[in-house]
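# Remarks on the overall topology
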Amino acid sequence: MGNEGVVEKRNFFQWFKHKWSNDPLFSIFTALILMIILQTLVLGFDYDSFGSWFQSWSNNWINILRNNAGIAIVALGMTFVIMTGGIDLSVGATLVATGAFAMMLLDVGERGFLGLMGITGTLAIILTLILVPLFGYLLGSLIGLTVTKGMVPPFIATLGAMMVFRSVTQQSMQGYNPRVPTEFLEIASLRIGNLMVMPIIYWLIIAAIMYYVSKRTTFGRQIIAVGSNERAASLSGINVNKVKLRVYALMGLLVSIAAIIQVSRIGSMDIAGSGRGLEMDAIAAAVVGGTSMMGGRGYILGTVYGVLIISVLNNLLNLFGVPPLLSDAFKGMIVIVAVLLQRKGKMF
Amino acid sequence: MKIEMTNIRKSFGSNDVLKDVSLTINGGEIYALLGENGAGKSTLMNILGGIYKPDQGSISVDGKEVKFTSPIESQEAGIAFIHQELNLINDLPIYENMFLGREPKTKSGSLDLEKMIRDTEEIFERMNIDLDPKKEVNELDSSYKQIVEICRAMMANASIIIMDEPTTSLTDTEIERVFDMMQTLKEHNVGLIFISHKLSEVMQVCNRYAVLRDGNLVSEGDVKNVTIADLARYMVGYDVRTEPLARKRDLGEEVLRVEGLTYNHVFKDINFSIREGEVVGFTGLLGDGRSELFQSIFGANDISSGTIYVHGKKVTSNSTTQAIKNGIAYLPRNRKENAIIPDMDILENSSITTWAKFSNKGIINYAHHKKVFQEQRDLLRIKMVDLTDNISKLSGGNQQKVVLAKWLATDPKILVLDNPTQGVDVGAKEDIYDIILKLADENIAVIVLSSEAHEIIRVCDRSLVMYQGRIQGELVEKEMTDHHIMSLATGGELT
């Protein structure tokens, strides 16, 4: 179909220019590749053998990916939210709420919910893995209902939810230090070969599912339709409120998965500090990946690139010895530069 | 002032949009620039407005050659471009809008509000306009917004004003108001370029005309020497018919009946019944409530009381999803706001209404939609390159056909077309009329909402004329004349 039949010989520069102005993700992908090359160069090749170089290089990468799995999963949900023209500021608070809920369920001390009911061992863990996502889904639905039925702007609804969720969680966890059973830690720390890659695997599986949902399913396409022209979507028989409700519910669900991963990595969660700024990191990743804050245009793959770019940047700053306090300045700049780069046709 | 555009050529990529066009526009005349969508009108005006640069050719103002590299330079030369989407800030008062970007300051550096108000009053007086400069723009109707923008151009000393389809969204009284304003401008020796698809308006207000077709100037002259039919023929290149389209009418059972339908003061006590294979027109002036009525029947708006029957069975219509299931399809007016999903391709825009219906466990069946659309593409004669091209790549008429395709995909029993030929050129209009009759022959009940009487006369078997939310009267076949429709639409009775 289309122009595929036309055989046109292009030199590299013409091909690059064409891709740059026609494929919205190309500029961001190019930037990512350049940063990875830079990172590889900085890491150096000062090793005895290729094998030891590769091991060091890949270890560095596994660390980067694992440390950012949580943000990445949240950013995927945020992409959908932003694509409907909304925003979710409550993800950090939802993270601690669902994380605290998981710890309360699992606590092997005297106050553990499941323990009190006589449920322990594997069954407790399985129940937690069902109940916590359900709780996240519920919290998300609550926000979704406020936005749709209550017609409260998403910014306000989630700003309010952010304060409520964290404050209630902090109060209910005051002076309480739940201990999570060690078996639970396997969820994140199970080694494959000798590598701690489980969080990365969860992330990639979720990214693949989200990618498929956004490209091929009714729900995924309805998200774009709603964000692109809500009125037209509604007049085309799409239940706009249902789509939005499901997007916020899914966001809550994904955040709870991130919470499970975080709790299972270190066995606890800092209720006051965890998840602070998570919403901004997630929004930044989505925006760097080409998602429009106006709704409609958004790319799951772009968000994956976005997370990688921000993580590689952090890694580079580390390698260069940039003071940690300055790292946010670079992060801020890369968000702005990424959006500048994506302004079609302005570069060449 | 006199503007000459000589041998203008412009192409975008391999597409030659203007092929050697020359025009002369004088002060004190109203000059109609006509042509179908894609004929090159907008490009030509954008060149005059300094937005595009011509590939070849020259522009001269009062005999002196000029080269515009930006809209500002064109404005400084005395050319004002009033776009279809008006450039006013709704939340500011009129006087501040009049001085946007060139606000007068007092010595202390604050805004000189008094001068702004005084100057605005002065120009309104000069133009014979009764309007309070302190009113906020969002309190104005579209015609006054138009007028404010024209006055702003006058204040900036414009001597040629380009008006791009100024009357599309106006009611008849508002149109008259704008026409009065245009006459005043003419008397002030301002030259007006009037871009419009409404040929009757052109006959009414313009002295000269030019017709573009496929980037060529095909005809130019005095309006008094031509008829509407002539102009239409120049635009499409063949004869355009205005007589009613004959067809064999084979009406089936009743499909839609509405009893006592009311929604606040928007529409009141509406009763009608429509049969299979019938084409029924709903007409009236803008704001008569017909769009709202059918949006309510389609479940997009509320109703306060009344009942809707589909195939004799009472239905509740509280969501568009439900209405589609009931076999009702509604093609809305204002395609851009209400029908087009700008971030999606042609195929998706044509199938959005049936994604859920044909999906398998939530996965969209693109193969099915492709097949359905390809059949419709032939039926509707949609001109396009690739299914995965963005919808915005199509011309207005073809976009409208894609929107129509998405409704035909739902296999409707009742098809409501609200202003179906809005922003569509003459050729595509005829295509749409043909399609309407073809659908009626397939036993679909088609309801056409339009404020253009000739359109109702051309395709409908009968028409219901609305006035202030009520059905004022019904006209059947031969009774449907411009005169009858107009007298009912303005609240009169048939004599």
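All residue numbers refer to position in the chain's written sequence, counted from 1. By the order in which they are written, chains take letters starting at A while ligands take numbers starting at 1. A pLDDT threshold of at least 70 governs which residues receive local features in this predicted model, and a stricter bar of 80 or more applies before side-chain atom pairs are shown or counted, although totals over entire chains, interfaces and linings include all residues. Neither water nor hydrogens contribute to the side-chain values; these are computed over all heavy atoms in the structure.

What chain A contains, in helices and strands, is 16 helices and 0 strands. Only C-alpha atoms enter the radius of gyration, while the globule expectation follows 2.2 Å times N to the 0.38, with N the number of residues. Here chain A has a C-alpha radius of gyration of 22 Å; the compact-globule value for 348 residues is 20 Å, and the two agree. For chain A, the spread of C-alpha atoms along the principal axes amounts to about 70 × 65 × 40 Å. For every residue, the accessible area (1.4 Å probe, protein chains only) is compared with the maximum for its type, and the residue is labelled buried under 20%, exposed over 50%, or partly exposed between those bounds. The burial tally for chain A puts 53% of its 348 residues in the buried class. When contacts within chain A are restricted to residue pairs at least 6 apart in sequence, those whose partners lie at least 24 apart make up 75%. Accessible surface is estimated by sampling points in the Shrake-Rupley manner with a 1.4 Å probe; for residues, cover comes only from the protein chains shown. Element-wise, carbon and sulfur atoms account for 64% of the exposed surface of chain A, whose accessible area totals about 16,800 Å². In this description a helix means any DSSP run of H or I spanning at least four residues, a strand means any run of E spanning at least two, and both kinds are numbered starting from the N terminus. Residue contacts follow a heavy-atom distance rule, with two residues in contact if any of their heavy atoms lie within 4.5 Å.

Attention shifts here to the pattern of salt bridges. Residue and element names in this part refer to chain B. By definition here, a salt bridge exists when the distance from a side-chain nitrogen of Lys or Arg to a carboxyl oxygen of Asp or Glu is within 4 Å. Tallied over the full model, the rule gives 24 salt bridges over all chains. Among the salt bridges present, the one from Arg208 reaches Glu220, with a minimum N-O distance of 3.9 Å. Here Glu220 lies in strand 10 (residues 216–222) and Arg208 lies in strand 9 (residues 208–213), a separation of 12 residues in the sequence. Judged by relative accessible area, Arg208 falls into the buried class, the value being 16%.

What follows is about the interface of chain A and chain B. In this assembly, 25 residues from chain A lie in contact with 33 residues from chain B. Around 2,100 Å² of area is buried between chain A and chain B when both sides are counted, 56% of it from carbon and sulfur atoms. Here chain A is connected to chain B by 1 salt bridge. For Arg221(A), the salt bridge goes to Glu348(B), with nearest N and O atoms at 2.6 Å. Polar contacts, as used here, are pairs of N or O atoms within 3.5 Å; protein pairs need one atom able to donate a hydrogen and one able to accept it. Residues neighboring in sequence count only if both atoms are side-chain atoms. The interface formed by chain A and chain B holds 12 residue pairs in polar contact (both at pLDDT 80 or more) in total. Element by element, the count of residues in the side of chain A that touches chain B is highest for helix 11 (residues 218–228) of chain A, at 6 residues. Note on residue classes: Ala, Val, Leu, Ile, Met, Phe, Trp, Tyr, Cys and Pro are nonpolar, Asp, Glu, Lys and Arg are charged, and everything else, Gly too, is polar. Split by residue class, the side of chain A that touches chain B holds 8 nonpolar, 12 polar and 5 charged. Here the buried area means the combined drop in accessible surface, using a 1.4 Å probe, for two parts upon being joined, counting both sides.

Here we come to helix 14 (residues 278–288) of chain A. Each full turn of the α-helix corresponds to 3.6 residues, which orients residues three or four apart in the same direction. Residue and element names in this part refer to chain A. Taking burial as the measure, the 11 residues of helix 14 include 10 buried ones, the bulk of the element. Among all positions in helix 14, only Leu278, Glu279, Asp281, Ala282, Ile283, Ala284, Ala285, Ala286, Val287 and Val288 are buried. Where the residues of helix 14 are buried, they touch helix 2 (26–43), helix 4 (69–83), helix 5 (91–106), helix 15 (300–320) and helix 16 (327–342).

Let us look at the side chain of Gln400(B). Inspection of the secondary structure assignment puts Gln400(B) in helix 15 (residues 396–408). A relative accessible area of 4% means that Gln400(B) is categorised as buried.

Before going further, it helps to examine the nonpolar core. To form a nonpolar core, buried Ala, Val, Leu, Ile, Met, Phe, Trp, Tyr and Cys residues must be joined to one another through side-chain atoms within 4.5 Å. Of all hydrophobic cores here, the largest spans 184 residues; its most connected members are Phe80(A), Trp203(A), Phe272(B), Phe282(B), Leu293(B) and Phe294(B). If you tally residues by element for this core, the top one is helix 13 (residues 240–266) of chain A, at 13 residues. Sequence-distant contacts of Trp203(A), that is, excluding residues within four places in its chain, are made with Leu65(A), Ala69(A), Ala72(A), Ile73(A), Leu76(A), Val304(A), Val307(A) and Leu308(A). Membership of the second largest hydrophobic core comes to 52 residues, among which are Ile30(B), Leu131(B), Val205(B) and Val426(B).

Next up on the list: the packing of helix 4 of chain A against helix 10 (residues 198–216) of chain A. Residues and elements named next belong to chain A. Look at helix 4 against helix 10: their axes get within 9 Å of each other, and the N-to-C directions meet at 10°. It follows from the interaxial angle that helix 4 and helix 10 lie roughly parallel. Considering the relative orientation of helix 4 and helix 10, their crossing is left-handed. On helix 10, the residues touching Ala69, Ala72, Ile73, Leu76, Gly77 and Phe80 of helix 4 are Pro199, Trp203, Ile206, Ala207, Met210, Val213 and Ser214. In this analysis, axes come from line fits to C-alpha atoms, helices being fitted only over the stretch in contact, and the angle between any two N-to-C directions falls in the range 0 to 180 degrees. Note on terminology: angles under 35 degrees are roughly parallel, angles over 145 are roughly antiparallel, angles of 65 to 115 are roughly perpendicular, and the others are oblique. Left-handed describes a crossing whose near helix is turned anticlockwise from the far helix through less than a right angle; right-handed describes the clockwise counterpart.

The next subject is the confidence of the model for chain A. Confidence of the predictor at the level of single residues is captured by pLDDT, which takes values from 0 to 100. Taken over all residues, the pLDDT of chain A has a mean of 91, while the share at 70 or more is 96%. Note on residues 1–6 of chain A: pLDDT is under 50 here. Beyond four places in sequence and across chains, it has 5 contacts.

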